[in-house]
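A structural walkthrough
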Amino acid sequence: MEASLTARDRVGIQDFVLLDAYTSETAFLDNLRKRFHENLIYTYIGTLLVSLNPYKELDIYSKKQMDTYMGVNFFELPPHIYALADNVFRTMMSEFNNHFILISGESGAGKTEACKKILHFYAVSCPSTKILNNVRDRLLLSNPVLEAFGNAKTLKNDNSSRFGKYMDIQFDHQGGAVGGHILSYLLEKSRVVHQNHGERNFHIFYQLVDGGDEDLLRWLGLRRDCQHYNYLVQGDCAKVSSVNDRSDWRTVRKALSVVDFSESDVEHLFGIVASVLHLGNLKFEADTRGYAALHNSQEMHWLSKLLGIPAQVLQQGLTHRKIEAKTEEVFSPFSVDHAVYARDALAKAVYGRTFNWLVNKINESLANVDSSRKTVIGLLDIYGFEVFTVNSFEQFCINYCNEKLQQLFIQLTLKSEQAEYEMEGVEWEPVPYFNNKIICDLVEEKHRGIISLLDEECLRPGEATDFTLLEKMEEIIGGHPHFVTHKLADQKTRKSLARGDFRLLHYAGEVTYSVVGFLDKNNDLLYRNGKEVMQQSKNLIIKHCFPPSEPDQKKRPETVVTQFKSSLVGLIEILGTKEPWYVRCIKPNEAKEPGRFDDVLVRHQVKYLGLMEHLRVRRAGFAYRRKYEIFLQRYKPLCPDTWPNWKGTAAEGVQVLIKHLGYQPDEYKMGRTKIFIRHPRTLFATEDAFQVCKHKLATKIQAKYKGYRVKGDYQKQKEAATKIENCWRGLMARKEREKREWAVAIIKRFIKGFMTRNEPSGADNREYLSYVRHSYLTRLRENLPKTLLHKDLWLTPPPILKETSLFLKQLFIRHMVRKYVQGITEERKALLLLKVQTSFMFKGKKESYPLSVRTPFLDTRIGIGDMNMKALRMIKHENVKYSVPVVKYDRNGFRPRPRQLVFTRDAAYLLDEAKIKQRIRYGSLKGVSVSNLSDNFLILHVTCDDVKQKGDLVLECDFLFEALTKLSAIVDKCDFIQVVQDSVRFDIQPGREGVVDFRSGQESVVYRAKNGHLTVKSTSTKSR
């Protein structure tokens, strides 16, 4: 709890005892409002729990939440109803005594839900066996049954409990729930026959009509229409959006079977519920003499069937009154008004007694058969103090009940406070408080109290009315300071009181009651013959509720208020033997809207629940008390002498601590086991100082912890690294040893295989020979010849693979040839054929031939655009086959001149830039001479029949082999080309010859020698 004080400005204080302005109602409301707007609906006043209804679902009731609060110190976690329930349970188990939880508040404040939460917590947290689970289920499912028969929609609450309920849960020595018992108080029976506008009858009627199956309704004589029944339509509110009657009906049917109701019980029970509805539909009319007569034959039929009573007997019981005069019995007929009163009285009596039977039946199923001693936790779900615009008999009884409970509450609270002070050896200071005994006496005093006067007026002969009751109260108790009427009031007060009102000054404030209806509601008489009629019923529940002995009793039955007083005295006696715990429920607004906080309404409830009075009592002494161990454990960092560890006792440590903090003597007291702090501000100052200190300590602790963790991690890593290193080294050493052993074995086999490599394959050399084969084939794969020209670059095989290598070489060459041939196009094939022809003509005959092999032939060496267009037009008709640039040497003087040599289909042409210099028909071409050296000269020999005709041509051509091969192909002759040595004679003109000498030299040169010959020197290809 102390940890939450740091956020007190935003979310308020968890315990009102720590509220500095504890006498201020405004401060009290401000704290409630802060917590409510933060969805913190629970707040403590010491061990009392204040609960606000949030009117929405909050995620604070899960199984996880239950586990969180189980076995935890009461003030250790934020306030919660689970914390209260767990603390009650643990205290009961440790001290082995009985406890009760009083849940009170206005209608709609959440009392029933609080009771359910506590029951559910015990169902989950207690030990579990098959038998215990059965008891647990019956405890839980008794609630839906009691709610169906005892709850109804009111103006303030759609599921308002219209009776007080006290439930005892019995636990064995191990904490298992082994049984239970329920007491009910003051069921609002008048609701059966009358509802205010906007309210409903008890839930069970609507659940039966809306949720019952067709066969059941047919058997009960009911229609699926609430508007058909007089007892269900008076409030004009048969349907409620927040209530699902069909779903609730299914829950009730399941619960009845679990709570051990037999099918016969259920059949008779619903028969009674249906009979009440039929009873309400009976209509009386005055006959000729003015007496009541029944005409609803259909309704009488169903009443007779469901109750098992003859129709004639029922009719007489509802229209006549039995009067006994000495030895005679006379039946006096009712007037219509008296008949209606008798009918409603019978309906209330039947339903009220059936409800009591229902409670007793549930108690039978919850009864614990083990006679050993059990501890008990009681749950008292009782109506809170009620103040309406018009307050009647029911509010008088309810508020009287609250006065008695408030009296017990103050006594027990003061008693527990005084006991704690005495146990701790702290001087008890008497606490001034309002003792409401004077009000309780005003209500219940013998012969002079309001209850006695009310009973006397109900019993006296003559015409007693509500106003004669008021007059009698004015006469007997008129001088009481807490009682006032219109007649007794002063002029100012009289304006707020009607003539039929009286006002009581309760502990929680003034309440004005209307005396109208007090006598009738207190009498609640059922005529004698009505009871005798019910005695004849064949319905087993009705027979049980109206035992045969009852009608013979001559004594007048006790009045309602006397019965209530007796049951309340019994309840107070029960509660006086148990340790008390309290839950005060508050509704934040009338509209049931989540998040809305109505200050006026909440202030009203705080006052009437006596919360300020309780806070004043709790704060009269010391606001805060804690065991020395807990206080020292939390705040020891604030003192250097107690931090981090105190060596002495906890009490001595606390003494040193508070001396260091500077507590004044009047601010605290030291008990035997606890420290008591008088003012909240002292605790707040201590907590604020602790929050500042906590951050500094957190930094130091964090640093130390980080160092510790890092050091620990480093040591672990170092140790792990050493282990891994050792293991790795061992592993690597073993692998290295295995590798070496393997290598030694391999090397041995290799050497032995090498030594026996030339021997036939055997065990000694098989692996070596296999390695040799593999090695050779691997190297051969990576060093295969790239082309056929490199076929001689074949790897030399080892002896054992000679035959294999030769076969592979032949196979590879064939593969390369096939691959090469498949890749040759037709054009390239033609050029290669020309190469073949060139080879045939010059291979081995002319030195420069090998160098020409790698140079591919072209179709022509001169483009059309580079030729003389005039000459080209002249020879175009002969179809040009090939053209090549040449150098022509004059016949006389051997001057070189650039020319173009063109081969056509019919002749060879020598062209210059302007014209055709010479045309040589292939028929006149005698031959062509070339030297055997590396020069590029050729001499075309032509036939000279005429002196005017030009002689042979001496030409130099860079593409000698290509040109001659083309010429040979065009002429279709190979043998007319002569390869000569030394000199070539040629005809300059008919009868005149020239000579060309061919020589080898250091450089290539062409010149005219002194002897008149053309000398051509060329370098030898062998010297290159």
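Scroll up a little and you will see the structure.
These remarks concern the structure in this document. Bear in mind the structure is a predicted one, so any value in this text is a computation, not a measurement.

In terms of helices and strands, the chain carries 34 helices and 31 strands. Relative to the globule expectation of 31 Å for 1024 residues, the C-alpha radius of gyration of the chain, 64 Å, shows a markedly less compact shape. Here the C-alpha coordinates of the chain stretch approximately 200 × 90 × 75 Å along the principal axes. For the chain, the residues scored as buried account for 49% of the 1024 residues in total. As presented, the chain carries roughly 52300 Å² of accessible surface, and 52% of it is formed by carbon and sulfur atoms.

A word on helix 31 (residues 826-842). At 3.6 residues per turn, the α-helix brings residues three or four places apart onto the same side. Taking 1.5 Å as the rise per residue, helix 31 with 17 residues should run 24 Å; its terminal C-alpha atoms sit 24 Å apart, in good agreement. Of the residues making up helix 31, those classed as buried are Leu834, Lys835, Gln837, Thr838, Met841 and Phe842. The arc that holds the buried residues of helix 31, viewed along the axis, is 160 degrees, so those residues lie on one side. Seen from the open side of helix 31, the exposed residues pointing more than 90 degrees away from its buried face are Glu826, Leu833, Val836 and Phe840. In the core, the buried residues of helix 31 are packed alongside helix 32 (849-853), strand 24 (925-931), helix 34 (960-971) and strand 27 (977-980). Two residues or fewer after helix 31 comes Gly844, characterised by a positive phi angle close to 80 degrees.

With that settled, the discussion passes to empty space enclosed by the protein. Empty pockets left among the atoms are what a rolling probe the size of a water molecule brings to light. In this structure the tally under the stated criterion is eight cavities of 30 Å³ or more. The space that makes up the largest cavity amounts to roughly 110 Å³. Tyr122, Ala123, Arg136, Leu139 and Ala177 are, among the 13 residues lining the largest cavity, the residues nearest its centre. Listing elements by their share of the lining of the largest cavity, those giving two or more residues are helix 5 (111-125) and helix 6 (130-150). A total of five residues in the lining of the largest cavity trace back to one element, the largest contributor, which is helix 6. For the lining of the largest cavity, the residue count by class is 10 nonpolar, two polar and one charged.

Contact geometry of helix 11 (residues 263-280) with helix 14 (residues 336-366) gives a least axis separation of 10 Å together with a crossing angle of 160 degrees. Considering the angle they form, helix 11 stands roughly antiparallel to helix 14. Crossing geometry of helix 11 relative to helix 14 is assigned as left-handed. Across from Asp265, Leu269, Ile272, Val276, Leu279 and Gly280 in helix 11, the residues of helix 14 making contact are Arg343, Leu346, Ala347, Val350, Thr354, Trp357, Leu358 and Lys361. Partitioned by chemical class, the residues of the contact of helix 11 with helix 14 number nine nonpolar, two polar and three charged.

This paragraph deals with the sheet that holds strand 6 (residues 164-171). Taken in spatial order, the seven strands make up an open sheet running 1-2-16-3-12-6-7, and their pairing is mixed. Among the strands making up the open sheet, the edge pair consists of strand 1 (42-45) and strand 7 (177-185). Ignoring strand direction, the axes of neighbouring strands in this sheet form an average angle of 20 degrees. In this sheet, strand 12 (residues 375-381) lies alongside strand 3 (residues 99-105) in parallel orientation, the contact comprising five bridges.

Per the stated rule, a full pass over the model turns up 31 aromatic pairs. Taking 5.8 Å as the distance between ring centres and 50 degrees as the angle between the ring planes, the aromatic pair formed by Phe36 and Phe597 counts as tilted. Of this pair, Phe36 sits in helix 2 (residues 25-37) while Phe597 sits in the loop between strand 16 (579-586) and helix 24 (599-608), and the two are 561 residues apart along the sequence. On the basis of relative accessible area, Phe36 is assigned to the buried category, the value being 5%. Classification of Phe597 as buried rests on a relative accessible area of 12%. Pairing Phe163 with Phe355 gives two aromatic rings, centres 5.0 Å apart and planes at 70 degrees, and the pair type is edge-to-face. Of this pair, Phe163 sits in the loop between strand 5 (160-161) and strand 6 while Phe355 sits in helix 14, and the two are 192 residues apart along the sequence. Each member of the pair Phe163 and Phe355 is classed as buried. An aromatic cluster is built from Tyr61, Tyr82, Phe89, Phe121, Tyr122 and Phe171, whose rings are joined through pairwise contacts. The ring of Phe754 carries Arg757 above its face, with NZ or CZ at 3.9 Å from the centroid. Directly above the ring of Phe959 sits Arg861, whose terminal nitrogen or CZ lies 3.9 Å from the centroid.

Next up on the list: the environment of Thr389. Within the fold, Thr389 resides in the loop between strand 12 and helix 15 (393-424). Residue classification places Thr389 among the exposed positions, given a relative accessible area of 82%. A sequence separation of 247 residues divides Thr389 from Ser142, and the C-alpha atoms of the two residues are 34 Å apart.

Take Glu444: it is sitting in helix 16 (residues 437-444). Judged by relative accessible area, Glu444 falls into the buried class, the value being 15%. Within the structure, Glu444 has its side chain in polar contact with the side chain of Lys404 (distance 3.0 Å). Residues within four places of Glu444 in sequence aside, it is in contact with Tyr400, Lys404, Ile451 and Lys565.

The rules behind each value
- Residues numbered from 1 in each chain as written.
- Predicted model: local features only at pLDDT ≥ 70, side-chain atom pairs only at ≥ 80, totals over all residues.
- Heavy atoms only, no water.
- Helix = DSSP H or I, 4+ residues; strand = E, 2+ residues; numbered from the N terminus.
- Rg over C-alpha atoms; globule rule 2.2 N^0.38 Å.
- Buried < 20%, exposed > 50% of the residue type's maximum accessible area, 1.4 Å probe, protein only.
- Areas by Shrake-Rupley, 256 points an atom, 1.4 Å probe, with all protein chains shown as cover.
- Expected span 1.5 Å × (residues − 1).
- Arc of directions from axis to C-beta.
- Contact = heavy atoms within 4.5 Å.
- 1 Å grid on protein atoms, 1.4 Å probe; cavity = no way out; pocket = protein on both sides within 12 Å on 5 of 7 lines; lining within 4 Å.
- Points joined across faces, edges and corners; volume = space filled by probe spheres on them.
- Nonpolar A, V, L, I, M, F, W, Y, C, P; charged D, E, K, R; others polar.
- Axes fitted to C-alpha atoms, helices over the stretch in contact; angles between N-to-C directions.
- Parallel < 35°, antiparallel > 145°, perpendicular 65-115°, else oblique.
- Left-handed = near helix turned anticlockwise from the far one by under 90°.
- Pairing = 2+ DSSP bridges.
- Phe/Tyr/Trp six-rings, centres within 6.5 Å; stacked < 30°, edge-to-face > 60°.
- Lys NZ or Arg CZ within 6 Å of the ring centre and 35° of its normal.
- Polar contact = N/O pair within 3.5 Å; in protein donor to acceptor, adjacent residues only side chain to side chain.

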